[in-house]
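Structural features, examined
Okay, here's what each chain looks like letter by letter:
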Protein chains: 2
Amino acid sequence: MKIVIDGFGGDNSPQEIVRGTALAIEKYKDLNIIITGDKQTLENEFEKYDVDKKRVEIVHTTEIVSNNESPTEAIRAKKDSSLVVALNILKENDDVCGLVSAGSTGAVLTGAFLKIGRMKGVSRPALAPMLPTKKRGRVLLIDCGANMDSKPINLCHYAIMGSAYMQKMCGIEKPRVALLNVGVEDKKGNELCHEVFPMLQKLPINFVGNMEARDFLSGDYDVVVADGFAGNVCLKASEGAIQTLMSILKSEIKTRKCSMFGALFMKKTFKAVKNLMDYESWGGSPFLGAKKILIKSHGSSFAPSILASIEQVIDIYNKKLYETIEQTILETKDICDSMIEEKVEN
Amino acid sequence: MKIVIDGFGGDNSPQEIVRGTALAIEKYKDLNIIITGDKQTLENEFEKYDVDKKRVEIVHTTEIVSNNESPTEAIRAKKDSSLVVALNILKENDDVCGLVSAGSTGAVLTGAFLKIGRMKGVSRPALAPMLPTKKRGRVLLIDCGANMDSKPINLCHYAIMGSAYMQKMCGIEKPRVALLNVGVEDKKGNELCHEVFPMLQKLPINFVGNMEARDFLSGDYDVVVADGFAGNVCLKASEGAIQTLMSILKSEIKTRKCSMFGALFMKKTFKAVKNLMDYESWGGSPFLGAKKILIKSHGSSFAPSILASIEQVIDIYNKKLYETIEQTILETKDICDSMIEEKVEN
């Protein structure tokens, strides 16, 4: 199996990208890697690990796409960047089954749109991160920001892809799929919600209705479907609130001596909580519905996240997730088409 | 000053509503209250407190609007409910300056739309809760769910009203107003954001640009402007994430004896954090832009929140917030009109 890695994407590149890649090579004996970036630097980094050089192909690139530039312009202008070259390698080589990048989310998504394209039948690929829940499970959010102003058909496809992901990758027989909304009642929400609700009911998924953002991490849902704007707000507000609470707790502990004493006995607990909430260590967010497997690893990824992202590619490939999605999309094409026709007629 | 209270709205009504009202009557010597609900029950509740009966007028009603019914239907059908009668009293009496209800949010907002109407010039009234920030300040979110599918002009009015609120009520000279978006760059977001961004730049407010939901509670912003759908997701996702983290921390403490011992020394800290995050004790959410002052107190309000909500009405009235908003809306009418014309021409 061959996977391509953007060697110069992310805050801790190339060191942590190379370390994560080395860990993956050690763990998976049939894995071969193509990695893009400055050849000399990458060679020096790989020297640190006992890696079979025959299994790593370094493709020299001279440019880096940063977080601060316009994604569309960067993808068009920086043809010799580690990201664009990696995308081209993924596109042009049938034996390369997936890509991992910790680079700018906007650039990775734009690049994937422009270079890789959509899976047959999928109206819009979507970014689908997984988060921890109160019940120690996981919930998949789709879409968290790849597409603004989504149409009902897009959300139907998100629901199908998200459900297939949780079924295939997490072994949940009938993933509970919910629509992100402002209340649980059937008729709640904006125009998009009103239109898509009855469509989701007709799809061959376990659609359980509307969900309020308050219950996003409750553990009562496996897949949460949202327009990219609302999904992004839901994800980032959750992250921000957790970070705010942690920070307030930390500073309040420091204002009281007896609390600082008490906190000494709670180190393990604080660490356990931090680990439970640290979903980034599980890997990255799959860009579901793209023609090939793409994992967007978090910008601040360290080696374990890169390893986990590479493992996601392997897992998605081995479990034939993309074949399942393509087949389900094909099978539901008639339902979706007739629902759209119905809508036009009304 | 006369304020009308929905005596039978909220989970803890009428007991906590009456207790909060009694606290307000004791604290504000020139305050008179009209309260709606079952007369005998309310009289019995007021008997518990040393309240001057001349300052409380009980208006007997026979119905209650619950959380589980359709707001529009409830407002139309339950003409003798504590909420509808309270709204009518607010509407029909010039000397009644505001209303407090802890009843169903949907019903309160729908009732306010139908019975009270909009302030002159305001395109859409909006619900504007205030939340605690990391820097121990407060941030106002407007709108958090009163209006779905808002138009650019609505968001302009939210910005003006929110800015005026923070200026007048919290004494912030130049409130930093931000637009909720998926990134901080100027051109980020959905169609609504693209349209409203340049409009917000032209308004006589301190518009500081886009804000990611991650920074909602950072303390870097005083007013966050959003469409009601996204605002609702932002608010509820934040609440849910905080609640999830608290719950995980609690259960993790219980799994370790030394943590339970340590937690004994942290009681004050945990309580302080809880108090810091407990924004509901500050009062309710004003429904800004309605013709008269309306405060939606949280459904689970206890007496201190009801007192705080009554104080909000008094404060808004005394500081002439509504006059300021009306004047600003009038002054910016030409700018707004020309921006809309410009948009139509493009």
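For the structure itself, consult the block above.
Note that the structure is a prediction, hence the values are computed from the model and not measured. (Residues numbered from 1 in each chain as written. Chains lettered and ligands numbered in written order. Predicted model: local features only at pLDDT ≥ 70, side-chain atom pairs only at ≥ 80, totals over all residues. Heavy atoms only, no water.)

Focus on the interface of chain B and chain A
Counted only if it meets this: Two residues qualify as a contact provided that any one of their heavy atoms is within 4.5 Å of a heavy atom in the partner residue. By convention, the term buried area covers the 1.4 Å-probe accessible surface removed from two parts as they join, with the contributions of both added. By convention in these notes, a salt bridge is any Lys or Arg side-chain nitrogen within 4 Å of a carboxyl oxygen on Asp or Glu. In the analysis that follows, any N or O atom pair within 3.5 Å is treated as a polar contact, provided that within protein one partner can donate a hydrogen and the other can accept it, and provided that, for residues neighboring in sequence, both atoms belong to side chains. The helix count covers DSSP runs of H or I at least four residues long, the strand count covers runs of E at least two residues long, and both are numbered beginning at the N terminus. When residue character is reported, Ala, Val, Leu, Ile, Met, Phe, Trp, Tyr, Cys and Pro are called nonpolar, Asp, Glu, Lys and Arg charged, and the others, Gly included, polar.
Counting residues at the interface gives 53 residues for chain B, matched by 53 residues for chain A. Considering only the side of chain B, the residues that lose the most area to chain A are Arg214, Phe229 and Leu245 of chain B, jointly responsible for 13% of the buried surface there. Applying the counting rule to chain B against chain A returns 6 salt bridges. The partner of Glu252 of chain A in a salt bridge is Arg136 of chain B, and the shortest N-O contact between them spans 2.8 Å. Our count for the contact surface shared by chain B and chain A stands at 18 residue pairs in polar contact (both at pLDDT 80 or more). Mapped by element, the contributors of at least two residues to the side of chain B that touches chain A are strand S8 (176-181), helix H7 (191-202), helix H8 (228-254), helix H9 (257-264) and helix H10 (267-277) of chain B. Considering each element in turn, the side of chain B that touches chain A owes the most residues, 22 residues, to H8 of chain B. Within the side of chain B that touches chain A, the residues separate by chemical class into 28 nonpolar, 14 polar and 11 charged.

Digging into the packing of helix H10 (residues 267-277) of chain A against H8 of chain B
The following threshold applies: Axis definition: a line fit to C-alpha positions, over the contact stretch in the case of helices; interaxial angles, taken between N-to-C directions, run 0 to 180 degrees. Working definition: roughly parallel below 35 degrees, roughly antiparallel above 145 degrees, roughly perpendicular at 65 to 115 degrees, and oblique for all remaining angles. Left-handed describes a crossing whose near helix is turned anticlockwise from the far helix by less than a right angle; the clockwise case is right-handed.
Running from N to C, H10 of chain A and H8 of chain B cross one another at 135 degrees; their axes reach a closest spacing of 9 Å. One way to sum up the angle between H10 of chain A and H8 of chain B is to call them oblique. The handedness of the crossing between H10 of chain A and H8 of chain B is right-handed. Of the residues in H8 of chain B, those touching H10 of chain A at Thr269, Phe270, Ala272, Val273, Leu276 and Met277 of chain A are Leu245, Ile248, Leu249, Glu252 and Ile253 of chain B. Classifying every residue of the contact of H10 of chain A with H8 of chain B gives 9 nonpolar, 1 polar and 1 charged.

Let's talk about the pattern of salt bridges
Defined as follows: Remark: exposure states derive from per-residue accessible area (1.4 Å probe, protein chains only) relative to the maximum for the residue type, with buried under 20%, exposed over 50%, and partly exposed in between.
Evaluation of the coordinates by the stated rule reveals 30 salt bridges over all chains. The partner of Lys78 of chain A in a salt bridge is Glu69 of chain A, and the shortest N-O contact between them spans 2.9 Å. For Lys236 of chain A, the salt bridge is made with Glu212 of chain B, and the minimal N-O distance between the two is 2.3 Å. Remark: Glu212 of chain B occurs in strand S9 (residues 206-212) and Lys236 of chain A occurs in helix H8 (residues 228-254); the pair is interchain, linking two chains. There is no split in this pair, since Lys236 of chain A and Glu212 of chain B are both buried.

Considering the pairing of strand S7 (residues 138-142) of chain B
All names here are of chain B. In plain terms, the rule: If DSSP finds at least two bridges between two strands, the strands pair.
Burial analysis of S7 places 4 of its 5 residues in the buried class, the great majority of the element. When strand S6 (residues 130-132) meets S7, the two strands line up antiparallel, connected through 3 bridges. Along S7, the bridge assignment pairs Leu131 with Val139. The hairpin turn running from S6 into S7, its antiparallel successor, is 5 residues long, and Arg136 in that turn takes a positive phi close to 70 degrees. In the sheet, S7 pairs with strand S10 (residues 223-225) via 3 bridges, with the strands oriented parallel. Across the sheet, the residue bridging to Leu140 is Val223, located in S10.

Side note on the relation of the copies chain B and chain A
As a reminder of what qualifies: All copies are superposed by least squares; the fitting set is the C-alpha atoms of residues with a pLDDT of at least 70 in both.
With an RMSD of 0.0 Å, chain B superimposes on chain A once it is rotated by 180 degrees and translated 0.0 Å along the axis. When the rotation and shift are considered jointly, the pair of chain copies conforms to a two-fold rotation axis. Distance from the rotation axis, computed per C-alpha, reaches its smallest value in chain B at Gly262 of chain B: 2.0 Å. The residues that chain B uses at the interface reappear at the interface of chain A in 100% of cases, marking a shared surface.

Some points on the side chain of Asn190 of chain B
The residue Asn190 of chain B is located in the loop between S8 and H7 in this model. Of the polar contacts made by the side chain of Asn190 of chain B, one reaches the backbone nitrogen of Cys193 of chain B; its length is 3.1 Å. Other than its neighbours up to four places away in sequence, Asn190 of chain B contacts Met148, Asp149 and Phe229 of chain A.

Details of helix H5 (residues 105-116) of chain B
All names here are of chain B. Threshold: How far a helix is expected to stretch is found by multiplying one less than its residue total by 1.5 Å.
Given a rise of 1.5 Å per residue, 12 residues ought to cover 16 Å, and the 15 Å separating the end C-alpha atoms of H5 matches this to within 8%. Those residues of H5 that sit buried are Ala107, Val108, Leu109, Thr110, Gly111, Ala112 and Ile116. Taken together, the buried residues of H5 touch helix H3 (71-77), helix H4 (82-92), strand S4 (96-101), strand S5 (126-127), strand S11 (285-288) and strand S12 (293-296). Following H5 by one or two positions, Gly117 has its phi on the positive side, about 80 degrees.

Thoughts on unusual backbone geometry
The omega torsion across Ser13 of chain A and Pro14 of chain A is 0 degrees, close enough to zero to call that bond cis. Relative to the helices and strands, Pro14 of chain A is located in the loop between strand S1 (2-6) and helix H1 (15-27). At the junction of Ile142 of chain B and Asp143 of chain B, the peptide bond is cis and its omega measures out at 10 degrees in the coordinates. One can find Asp143 of chain B in the loop between S7 and helix H6 (152-170). For Arg136 of chain A, which is not glycine, the phi torsion reads 65 degrees and is therefore positive. Looking at where Arg136 of chain A falls in the secondary structure, it is placed in the loop between strand S6 (130-132) and strand S7 (138-142). For Lys320 of chain B, which is not glycine, the phi dihedral falls at a positive 50 degrees.

Brief notes about the sheet that holds S8 of chain B
All names here are of chain B. The 5 strands are arranged S6-S7-S10-S8-S9 in an open sheet whose pairing can be described as mixed. Each having just a single partner strand, S6 and S9 make up the two edges of the open sheet. With strand direction ignored, the average angle separating the axes of adjacent strands in the sheet is 30 degrees. Packing against the sheet, H7 makes contact with S8 and S9, and its axis sits at approximately 170 degrees to S8.

Digging into the pairing of strand S3 (residues 56-60) of chain A
Residues and elements named next belong to chain A. Let me state the cut-off plainly: Call a crossover right-handed when, viewed with both strands pointing away from you, the route from the first strand across the helix to the second goes clockwise.
Inspection of the sheet shows strand S2 (residues 32-37) paired to S3 by 5 bridges, in the parallel sense. By the bridge assignment for S3, Thr36 is matched with Val59. Remark: the S2/helix H2 (residues 39-47)/S3 crossover connection has right-handed handedness.

Observations concerning the sheet that holds strand S5 (residues 126-127) of chain A
Residue and element names in this part refer to chain A. In spatial order, the strands read S3-S2-S1-S4-S12-S11-S5; together these 7 strands make up an open sheet with mixed pairing. Only two strands of the sheet have a single neighbouring strand rather than two, namely S3 and S5. Helix H4 (residues 82-92) rests against S1, S2, S3, strand S4 (96-101) and strand S12 (293-296) of the sheet, and its axis sits at about 160 degrees to S4. Relative to strand S11 (residues 285-288), helix H12 (residues 321-331) is tilted by about 40 degrees, and along the sheet it contacts S11 and S12.

A closer look at the packing of aromatic side chains
To keep it simple, the criterion reads: Between rings of Phe, Tyr and Trp, where Trp is taken as its six-membered ring, a pair exists when centres lie within 6.5 Å; planes separated by under 30 degrees are stacked, by over 60 edge-to-face, and by other angles tilted. For a Lys NZ or an Arg CZ to count as sitting over a ring, it must be within 6 Å of the ring centre and within 35 degrees of the ring normal.
Using the criterion set out here, one finds 8 aromatic pairs over all chains in the structure. Measuring from ring centre to ring centre gives 4.9 Å for Phe265 of chain A and Phe261 of chain B, while their planes differ by 85 degrees; the resulting arrangement is edge-to-face. Of this pair, Phe265 of chain A sits in the loop between helix H9 (257-264) and H10 while Phe261 of chain B sits in helix H9, on two different chains. Assessed through its relative accessible area of 27%, Phe265 of chain A is described here as partly exposed. We classify Phe261 of chain B as partly exposed; its relative accessible area is 36%. Through a chain of ring-to-ring contacts, the aromatic side chains of Phe261 and Phe265 of chain A together with Phe261 and Phe265 of chain B assemble into a single cluster. Directly above the aromatic system of Trp282 of chain A lies the positively charged group of Arg138 of chain A, at a separation of 3.7 Å from the ring centroid.

That is the geometry; function is a separate question.
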